[in-house]
Amino acid sequence: MRDSHPVYLVGAGPGDPELLTLKAVRVLREATVVMVDDLVGEQVLDAVFGDAPRPRVVQVGKRGHRAGATPQAFIEKLLVREALAGERVVRLKGGDPLVFGRAGEEMSALHEAGVEVRVVNGITSGLAAVNALGVGWTDRRAGAQGVLLLTGHAQAGGAAPDWAAAARLAAGGTTLVIYMGVQQAGAICAALREVLPADWPAAVVQQASLGAQRHALSTLEALPRLLVAQGFASPAILVIGPVLAQARALADEDLLAWAVRQSG
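About the thresholds
- Residues numbered from 1 in each chain as written.
- Predicted model: local features only at pLDDT ≥ 70, side-chain atom pairs only at ≥ 80, totals over all residues.
- Heavy atoms only, no water.
- Helix = DSSP H or I, 4+ residues; strand = E, 2+ residues; numbered from the N terminus.
- Buried < 20%, exposed > 50% of the residue type's maximum accessible area, 1.4 Å probe, protein only.
- Contact = heavy atoms within 4.5 Å.
- Pairing = 2+ DSSP bridges.
- Core = buried A, V, L, I, M, F, W, Y, C linked by side-chain atoms within 4.5 Å.

Further remarks concern the overall build of the protein. Regarding its fold elements, the protein presents nine helices and ten strands. Relative to its full complement of 264 residues, the protein shows a buried share of 47%. In the protein, of all internal contacts separated by at least 6 residues, the share reaching a separation of at least 24 is 72%.

The next point concerns the pairing of strand β10 (residues 236-240). For β10, the tally of buried residues reaches five of five residues, placing the bulk of the element in the interior. Side-chain alternation along β10 places A236, L238 and I240 on one buried face and I237 and V239 on a second face that is also buried. Sheet topology places strand β7 (residues 174-179) next to β10; four bridges connect them, and they run antiparallel. The residue bridging Y179 from the neighbouring strand is I237, located in β10. By the bridge criterion, five bridges tie strand β8 (residues 201-206) to β10 in an arrangement that is antiparallel.

If you look at the biggest cluster of nonpolar residues, it comprises 25 residues, and the most contacted ones within it are L192, V204, L227 and I240. Only α6 (163-171), β7, α7 (185-192), β8, α8 (223-229) and β10 provide two or more residues apiece to this core. With residues near it in sequence (within four places) discarded, V204 still touches R214, H215, A216, L223, L226, L227, F232, A236, I237 and L238.

Among the structural elements, Q43 can be located in helix α2 (residues 42-49). Along the chain, Q43 and G15 lie 28 residues apart, while their C-alpha atoms are 8.1 Å from each other. Beyond its immediate chain neighbours, meaning those up to four positions away, Q43 contacts G15, P17 and L210.

In structure tokens:
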């Protein structure tokens, strides 16, 4: 390894600054350069540094393939360049760096340059979403035997997840937690319905753990229409599975009734 400080890939969690780990706070306070993802709110840095001097903060926004997103190759080159220049570099990512965070690509680029990499895990937004619903991924009362994390945003030119295979797992007791799935919700739900019944429980949670958090319970058939009618947008998580039966006590009754009518 080169004679440089290790680069830290740090999970900022789902947004609530109080969900940062103590290690994440320590590493951020020791940094001289922090490269911040688009989904990391200013409140996270405010909580860590307060009125104290901050390191140099570089915004490297990346959300889907939207215009103006920072190219991944540029991010990797910048990580290497800053590390080799002797900076204490932190790459601050929303959620957990290892869950749909492209950490693997950044780790490979740094390793190839001879730079040590360390990961500081954070609470992933999918876990915060089910917490917001008052349920667990693997509630045995619902027969849930596992959880499957999926992305609804396929890589450009790449294949989408095998939704039929995911649906078969769901039918056998696996809770589906879908990241970046709002835009493709119609196609996703239609594919899942090839295996699962139309009234299979489904939900959406937007901005989990934040003050603007909101959620709605629905069914697999009605969910795409609910997302449009109620204006749900990214960042949001889709949750699909019988564990949602435990969330009905927390449901917005008007939205739930609307979903049931749409399914009928």
